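# A closer look at the structure
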Amino acid sequence: MLNKVLVVEDEELLAENLKDYLQAQELDVRIAHDGATGIGEAEQFAPDVMVFDYRLPDMEGFEVLDAVRQNRKCHFVLITGHPTAEVCERARQLGVSHILFKPFPLAELARAVCDLLGMERELKAGMSRSEGFVERRQSKTESFPLQLYDGSWVLADRRRSSSTSRAPDDEQLLTGE
């Protein structure tokens, strides 16, 4: 039986990338792009973990959490581009165990979800579950590609320093700012 994850994220490109990446971790994943759809999807799909954005077009992510929690026991992971102290404190009060600030390495999300599900993320020798996984991210002001190296987001058109050419750093997280 596959573990079920519901992703409630209004940025469609990001939601699809999260879904594809989590499916590569052998999880059953569905997505919703607004709170009302997320609440309805949670009732039908009965997820084990819900990954939700703080800001949704029709309501706050915490409202989705409250509605889902009334009928369903599941774990919650908050993803947000607005990591204010108030948001983080409220998430803690509501029992959200993991908060990820955008942009985040996809491997971090997979780690959080697998941790909540009590799953071991076993990788075969020399194999990466994210191998061959390329994603693109868009912001409202600009569009820039991000290539995935072992679960990290890296700017593909990274500036080269004239003195030395460096190999991509798997641990580096670039925001494009």
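Keep in mind that what you see is a predicted model, and the values were worked out from it rather than measured.

Turning to the overall build of the protein, a few remarks are in order. Helix and strand counts for the protein come out as five helices and eight strands. Scanning the protein from its N terminus toward the C terminus, one meets helices and strands in the order β-α-β-α-β-α-β-α-β-α-β-β-β. Counting across all 177 residues of the protein, residues that qualify as buried make up 44%. At a minimum sequence separation of 6, the contacts of the protein that also span at least 24 residues come to 57%. Of the roughly 9,900 Å² of accessible surface on the protein, a fraction of 45% belongs to carbon and sulfur atoms.

Relative to the elements of secondary structure, aspartate 53 occurs in strand S3 (residues 49–53). Look at aspartate 53 and you get buried, because its relative accessible area is 4%. Leaving out residues up to four positions away in the same chain, aspartate 53 has contacts with Val8, Glu9, Asp10, Gly61, Leu78, Ile79, Thr80 and Lys102.

At a minimum axis distance of 9 Å, the contact between helix H2 (residues 35–45) and helix H3 (residues 61–71) shows a crossing angle of 15°. Between H2 and H3, the crossing angle belongs to the class labelled roughly parallel. Note on packing geometry: the crossing formed by H2 with H3 is right-handed. For the pair H2 and H3, the contacting residues are Gly35, Ile39, Ala42 and Glu43 in the first and Val64, Ala67, Val68 and Asn71 in the second. Across the contact of H2 with H3, the residue classes break down as five nonpolar, two polar and one charged.

Further remarks concern the sheet that holds strand S2 (residues 28–32). Taking strand neighbours across the sheet as the criterion, the five strands line up as S2-S1-S3-S4-S5 in an open arrangement whose pairing is parallel. With one partner strand each, in any of the chains shown, S2 and strand S5 (98–101) form the two edges of the open sheet. For this sheet the average axis-to-axis angle between neighbouring strands, irrespective of direction, equals 20°. Bridge count between strand S4 (residues 75–80) and S5: four bridges; the pairing is parallel.

Here the focus is the confidence of the model for the protein. Per-residue pLDDT for the protein has a mean of 78; in total, 67% of the residues score no lower than 70. Predicted confidence for residues 129–172 stays below pLDDT 50, and this span has 90 contacts to residues more than four positions away or in other chains.

About the criteria used
Residues numbered from 1 in each chain as written. Predicted model: local features only at pLDDT ≥ 70, side-chain atom pairs only at ≥ 80, totals over all residues. Heavy atoms only, no water. Helix = DSSP H or I, 4+ residues; strand = E, 2+ residues; numbered from the N terminus. Buried < 20%, exposed > 50% of the residue type's maximum accessible area, 1.4 Å probe, protein only. Contact = heavy atoms within 4.5 Å. Areas by Shrake-Rupley, 256 points an atom, 1.4 Å probe, with all protein chains shown as cover. Axes fitted to C-alpha atoms, helices over the stretch in contact; angles between N-to-C directions. Parallel < 35°, antiparallel > 145°, perpendicular 65-115°, else oblique. Left-handed = near helix turned anticlockwise from the far one by under 90°. Nonpolar A, V, L, I, M, F, W, Y, C, P; charged D, E, K, R; others polar. Pairing = 2+ DSSP bridges. pLDDT = per-residue confidence, 0-100.

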